[in-house]
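Each chain, written out:
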Amino acid sequence: MTRVAVLQMTSGIDPAENARTIVAAVERAAADGARMLFTPEMCGLLDRDRQRAAAAIHHEGDDPVLAAVCDACARYGLWVALGSLAVRQEGPRYANRAFVIDDHGVIRARYDKLHMFDVDLATGESWRESNAYAPGEAVTVVDDTPVGRLGLAICYDIRFPALFEALGRRACDVIAIPAAFTVPTGRDHWHVLQRARAIEASAYVIAAAQVGHHADGRDTFGHSLAIDPWGEILLDLGGEAAELGFAEIDPARLVQVRQQLPSLANRRSVPNWDPAMTPGWSR
């Protein structure tokens, strides 16, 4: 059994304050016996005012939140799946980038969010993530983490089964799906989508989420989850408050589920289907 910590945050517009929250969670998670901490999407800065946010977005090597978390990982001997940070890169648009950091403070993997949240909701909310962020180009899996083989996704990625098909084919033991879900979409879709992804990939899902009312005026759904490969919810942190929760990853449960329902072993290619011909999926 491997104990993991899940951090639910109400990230704001001050990266230094957000970094302090994450570092404090690293310290507490390590003290409570966790081997790995999972944080939400955009945990270092959540600011829909793009002009104001620009001053706080850095290249990876200069990012103070990333540096603080790497230092904390080494200090407390804890792995962190850092849900995502806004990162400057070549070209006019940023990356929405996840990091996996080991217990020596070394970045072991990076993943840039593949699918951009470009939607108009019935509530009147309109989001155009692609105006500021460039989509990633690769599926990322990290071997030999404390939870086994870890697959990475971010928030809106959850609505695109082809990504989880790819992660399932790579036999991920755990998939991280950090998020900053809106309240309307979260209320209707969050739990069912997270459980479906765990079931179809025969993997644990850890979904650290943003929650509550944020300094930039948005509201997020919360309900950070840990789900086992049968789709059972092991942890739900609710939709009210930022907090730290814990769950257990059991390798024997993975073996049991995959033996009882060997969907990964039984999977076949769908005849006459080319992923490149599917709208929105060209990778």
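Just to check I follow, could you spell out the overall build of the chain for this structure?
Tallying secondary structure elements over the chain gives seven helices and 17 strands in all. In terms of overall dimensions, the chain is globule-like: its C-alpha atoms have a radius of gyration of 18 Å, near the 19 Å expected for 283 residues. For the chain, the residues scored as buried account for 54% of the 283 residues in total. At a minimum sequence separation of 6, the contacts of the chain that also span at least 24 residues come to 69%. Total accessible area on the chain is roughly 12,300 Å²; 50% of this is exposed by carbon and sulfur atoms.

How should the environment of asparagine 96 be read in this particular structure?
Within the element layout of this structure, asparagine 96 appears in strand 5 (residues 95-101). For asparagine 96, a relative accessible area of 1% puts it in the buried group. Separated by 104 residues in sequence, asparagine 96 and glutamate 200 place their C-alpha atoms 25 Å apart. Once residues within four sequence positions are removed from consideration, asparagine 96 is found in contact with Glu41, Met42, Ser84, Leu85, Tyr111, Asp112, Lys113, Glu129, Tyr133 and Ile154. Polar contacts involving the side chain of asparagine 96 include one to the side chain of glutamate 41, which spans 2.9 Å.

Looking at this structure, I do not really get the pairing of strand 6 (residues 107-112). What am I missing?
Residues in a regular strand point their side chains to alternate faces of the sheet. In this structure, strand 5 lies alongside strand 6, joined through five bridges in antiparallel fashion. Bridging from a neighbouring strand, phenylalanine 99 pairs with arginine 110 of strand 6.

In this structure, what is going on with the nonpolar core? I would like to understand it.
Proteins that are soluble and globular tend to have nonpolar side chains buried together. Ranked by size, the top nonpolar core spans 49 residues in total, and within it Met36, Phe38, Leu150 and Ile175 carry the most contacts. In this structure, methionine 36 is in contact with Arg3, Val4, Ala5, Leu78, Trp79, Val80, Ala81, Val100, Thr145, Pro146, Val147 and Leu150, ignoring residues within four places of it in sequence. The next biggest cluster of nonpolar side chains, apart from the first, holds 27 residues, and it includes Ala25, Leu37, Val69 and Val80.

Even after reading the chapter, I still don't get helix 1 (residues 15-31), so can you show me in this structure?
Since one α-helical turn is 3.6 residues long, residues separated by three or four positions face the same way. An ideal rise of 1.5 Å per residue puts 24 Å on 17 residues; helix 1 measures up with 24 Å between its terminal C-alpha atoms. What helix 1 keeps buried is the set Pro15, Asn18, Ala19, Ile22, Val23, Ala25, Val26 and Ala29. Along the axis of helix 1, the buried residues cluster in a sector spanning 155°; they form a single face. Summarising the geometry of helix 1, the exposed residues directed more than 90 degrees from the buried face are Arg20 and Ala31. As for helix 1, its buried residues are in contact with strand 1 (2-8), strand 2 (36-38), helix 3 (64-76), strand 4 (79-88) and strand 17 (243-249). N-capping of helix 1 is provided by aspartate 14, with a side-chain oxygen placed 3.1 Å from the backbone N of alanine 16. Looking at the residues trailing helix 1, positive phi occurs at glycine 33, about 90°.

What is the right way to look at the side chain of aspartate 173 in this model?
Following the sequence through the fold, aspartate 173 ends up in the loop between helix 4 (161-169) and strand 11 (174-176). Of the residues examined, aspartate 173 reaches a relative accessible area of 17% and is grouped as buried. Each residue touching aspartate 173, except ones within four places of it in the same chain, is listed here: Val147, Gly148, Arg149, Ala203, Tyr204, Leu254 and Arg258.

Looking at this model, I keep getting lost on the environment of glycine 83. Mind explaining?
On the secondary structure map, glycine 83 appears in strand 4. In contact with glycine 83, other than residues within four places in its own chain, are Thr39, Pro40, Glu41, Cys43, Arg97, Ala98, Ile154 and Pro178.

I'm lost on unusual backbone geometry in this one. Help?
Working note: non-glycine residues mostly have negative phi, and peptide bonds are mostly trans. A positive phi angle, close to 60°, is found at aspartate 144, a residue other than glycine. With respect to the secondary-structure elements, aspartate 144 resides in strand 9 (residues 141-145).

Help me understand the sheet that holds strand 16 (residues 233-236), please; the structure alone is not making it clear to me.
Adjacent strands of a sheet form backbone hydrogen bonds with each other and so pair up, either parallel or antiparallel. The strand order 9-10-11-12-15-16 describes an open sheet built from six strands, whose pairing is mixed. With partners counted over all chains shown, the strands left at the sheet margins are strand 9 and strand 16, one partner each. Recorded for the sheet is a direction-independent mean angle of 15° between the axes of neighbouring strands. Relative to strand 15 (residues 225-227), strand 12 (residues 204-207) runs antiparallel, the two being bridged by three bridges. When the sheet's bridge partners are listed, isoleucine 206 is paired in strand 15 with alanine 226. Helix-sheet contacts for helix 5 (residues 183-201) involve strand 11, strand 12, strand 15 and strand 16, and the interaxial angle to strand 15 is about 30°.

Cut-off values and rules
Residues numbered from 1 in each chain as written. Predicted model: local features only at pLDDT ≥ 70, side-chain atom pairs only at ≥ 80, totals over all residues. Heavy atoms only, no water. Helix = DSSP H or I, 4+ residues; strand = E, 2+ residues; numbered from the N terminus. Rg over C-alpha atoms; globule rule 2.2 N^0.38 Å. Buried < 20%, exposed > 50% of the residue type's maximum accessible area, 1.4 Å probe, protein only. Contact = heavy atoms within 4.5 Å. Areas by Shrake-Rupley, 256 points an atom, 1.4 Å probe, with all protein chains shown as cover. Polar contact = N/O pair within 3.5 Å; in protein donor to acceptor, adjacent residues only side chain to side chain. Pairing = 2+ DSSP bridges. Core = buried A, V, L, I, M, F, W, Y, C linked by side-chain atoms within 4.5 Å. Expected span 1.5 Å × (residues − 1). Arc of directions from axis to C-beta. Axes fitted to C-alpha atoms, helices over the stretch in contact; angles between N-to-C directions.

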